Amino acid sequence: MARIRRSFFCQKCGQESPKWQGRCPNCGEWNTIVEEMTTVSEGRRELTAQSASQPNLLASVVTDTSPRFSTQSPEFDRVLGGGVVPGSLVLIGGDPGIGKSTLLLQTVVRMSQQYGRMLYVSGEESVQQIKMRFDRLELEPGEVYLLNETNLADVETWIARLKPCLVIIDSIQTIYRPEITVAPGSVSQVRECTGHLMRLSKTQNLPIFVVGHVTKEGAVAGPRLLEHIVDTVLYLEGERHHTFRILRSVKNRFGSTNEIGIFEMSECGLTEVQSPSEWFLAQRPSGAAGSVVVPTLEGSRPVLVEIQALVTASSFGQARRMTTGVDYNRVAMIMAVLEKRVGLHLIQQDAYVNVVGGVRLDEPAVDLGIALAIASSHRGIPTRAECVVMGEIGLTGEIRAVNQLEKRIKEAVKLGFCQCVIPRSNLRYLKSPVNAELVAVNTLQEALEVTLGGK
């Protein structure tokens, strides 16, 4: 016996409320609660020892030694932590038209040539439209089956018949379960369909890739619970008017959560960028004040990026601060340290800080690069073109040590940089000689004297 019940769900976090409210009591977002009709079963099912899962002693559990599936793309494999894990559920999000479907279609076609049968389920495009994209990308034919279906029960039936090695669901917002009497894309449908796909992948040891739409804030549409259910969450980032795309891992139960893969959109689809550091620095201006190169770590990969700053006199009563690619509060703190400990008069100066290439830098090792870019623009003195800097800045103006210094230096030397400004406390951790001039500094004032001549 089942009855219909009216429920109110937050589209942001999935919180259920007894009535409509303007603000979600759980996540605090406004105008995110919507009404849905849910079916409630009044029957009661009691678990028995035979039907319930049995507890296992940790020492007696045998781990799965199945090898990972290679996506035939080193950049994609890097982001996944070494390849596709059997029985994993991977969520890929990104703006409309950014290249999610193109990347996955290329992946399943290449994998089918190596591993066999693949299933591509699309709820948004017909099989003819997908074939048109296939022809445009000039891919080699493989054993890829296309299915235009939105009913999850029918999708599961075809999975049982075809027994594919990998399944693509494009997208989760179009899939529905018929026993849930709400529209596809609603909170209940997205949550239940994702949970069912997770159980399906685990019981059949089948890797499944799920495409998710994103909101205007850049998060995956639907309840936040969606990202907690899946094993891996990937975001495909980039601007539609630029050719480069960044595939970023923000959650990964089988690898690092900070890895990125760099791709370039071309007529033949997404192609890999083998040396991302060269790409980020390809158009760096020579002899320009306010430009500093910093070696940062994205997961296990060192990447050289350019930080640019523009400091100019404010035309208004209050100075303006804008940042792209770095934390706004972190930049405000660094500017306060420059004013208090170094003596730069920035209170009436507008400051704009940008990380070239669309990369988001979160680690504190780029603090020194931000500070030197601001000071360079303020004084109008460019830094040395062959110099890279790294270090965390404390509130007293000291330069603190960074991790994995040798990796950063080797990447800089490989691209022709011959001088590295590093924290003095890092010298004791160097285990092997490097082919670069190391300039060790203790304070921010010393770093300014070394790079800008103390002028």
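Residues numbered from 1 in each chain as written. Predicted model: local features only at pLDDT ≥ 70, side-chain atom pairs only at ≥ 80, totals over all residues. Heavy atoms only, no water.

(A) Local environment of unusual backbone geometry. Here the amide bond leading from aspartate 170 into serine 171 is cis, since omega sits at 5°, within 30 degrees of zero. The backbone phi angle of glutamate 138 is positive, close to 55°, even though this residue is not glycine. Mapped onto the secondary structure, glutamate 138 falls in the loop between α3 (127-137) and β6 (144-148). One non-glycine residue with positive phi stands out, namely lysine 163, at about 50°. For lysine 163, a relative accessible area of 63% puts it in the exposed group. (Helix = DSSP H or I, 4+ residues; strand = E, 2+ residues; numbered from the N terminus. Buried < 20%, exposed > 50% of the residue type's maximum accessible area, 1.4 Å probe, protein only.)

(B) Looking closely at the packing of helix α9 (residues 367-379) against helix α11 (residues 444-452). Put simply, α9 and α11 touch, their axes get as near as 11 Å, and they point 55° apart. Between α9 and α11, the interaxial angle falls into the category oblique. Where α9 crosses over α11, the handedness of that crossing is right-handed. Where α9 approaches α11, its residues Leu368, Ala371, Leu372, Ala375, Ser376 and Arg379 are matched on the opposing element by Leu444, Ala447, Leu448, Thr451 and Leu452. Split by residue class, the contact of α9 with α11 holds 8 nonpolar, 2 polar and 1 charged. (Axes fitted to C-alpha atoms, helices over the stretch in contact; angles between N-to-C directions. Parallel < 35°, antiparallel > 145°, perpendicular 65-115°, else oblique. Left-handed = near helix turned anticlockwise from the far one by under 90°. Contact = heavy atoms within 4.5 Å. Nonpolar A, V, L, I, M, F, W, Y, C, P; charged D, E, K, R; others polar.)

(C) Expanded view of the pattern of salt bridges. Throughout the structure, instances matching the rule amount to 18 salt bridges. Its salt-bridge partner being glutamate 237, residue arginine 248 comes within 3.3 Å of it at the nearest N-O pair. Highlighted residues: arginine 248 in strand β10 (residues 244-252) and glutamate 237 in strand β9 (residues 232-237), separated in sequence by 11 residues. When its relative accessible area of 11% is taken as the criterion, arginine 248 is described as buried. Look at the salt bridges and you will find they share partners, linking Lys202, Asp231 and Arg253 into a network. (Salt bridge = Lys/Arg side-chain N within 4 Å of Asp/Glu carboxyl O.)

(D) Here's a closer look at the side chain of aspartate 367. Mapped onto the secondary structure, aspartate 367 falls in helix α9. When near neighbours in sequence (up to four residues on either side) are disregarded, aspartate 367 contacts Arg330, Ile334, Gly391, Glu392 and Ile393.

(E) Quick look at the environment of cysteine 420. If you trace the backbone, cysteine 420 turns up in strand β20 (residues 419-423). Along the chain, cysteine 420 and threonine 243 lie 177 residues apart, while their C-alpha atoms are 31 Å from each other. Those residues in contact with cysteine 420 that lie beyond four places of it in its chain are Val388, Met390, Ile409, Ala436, Glu437, Leu438 and Val439.

(F) Quick look at the packing of aromatic side chains. All chains considered together, the criterion is met by 4 aromatic pairs. A ring pair is formed by phenylalanine 76 and phenylalanine 209, whose centres lie 6.1 Å apart and whose planes are at 75°; its orientation type is edge-to-face. In this pair, phenylalanine 76 sits in helix α1 (residues 74-80) while phenylalanine 209 sits in strand β8 (residues 208-212), placing the two residues 133 residues apart along the sequence. Arranged with centres 4.4 Å apart and planes meeting at 45°, the rings of tryptophan 279 and phenylalanine 280 form a pair that is tilted. There is no split in this pair, since tryptophan 279 and phenylalanine 280 are both buried. Members of the aromatic cluster, joined through ring pairs, are Phe244, Trp279 and Phe280. In this structure, arginine 161 packs its charged tip against the face of tryptophan 158, placed 4.9 Å from the ring centre. (Phe/Tyr/Trp six-rings, centres within 6.5 Å; stacked < 30°, edge-to-face > 60°. Lys NZ or Arg CZ within 6 Å of the ring centre and 35° of its normal.)

(G) Broad picture of the nonpolar core. Formed by 46 residues in total, the largest nonpolar core has its most connected members in Ile307, Leu338, Ile370, Ile374 and Leu444. The leading source of residues in this core is α9, at 7 residues. Within the second largest apolar cluster, 29 residues are counted, among which are Phe76, Leu80, Val108 and Ile168. (Core = buried A, V, L, I, M, F, W, Y, C linked by side-chain atoms within 4.5 Å.)

(H) Spotlight on the sheet that holds strand β4 (residues 89-94). Sheet architecture is open: 9 strands sit in the order β6-β5-β7-β8-β4-β9-β10-β11-β12, paired in mixed fashion. Where the open sheet ends on each side, the last strands, each with one partner, are β6 and β12 (269-272). Here the average twist between neighbouring strands, direction ignored, is 25°. As paired strands, strand β7 (residues 166-170) and β8 are joined by 4 bridges and run parallel to one another. Paired with valine 167 across the strands is isoleucine 208, a residue of β8. In this fold helix α2 (residues 100-115) packs onto β4, β5 (118-122), β6, β7, β8, β9, β10, β11 (260-266) and β12, with an angle of close to 160° to the strand it touches most, β5. On the sheet, α3 packs against β5, β6 and β12 and is oriented at approximately 140° with respect to β6. (Pairing = 2+ DSSP bridges.)

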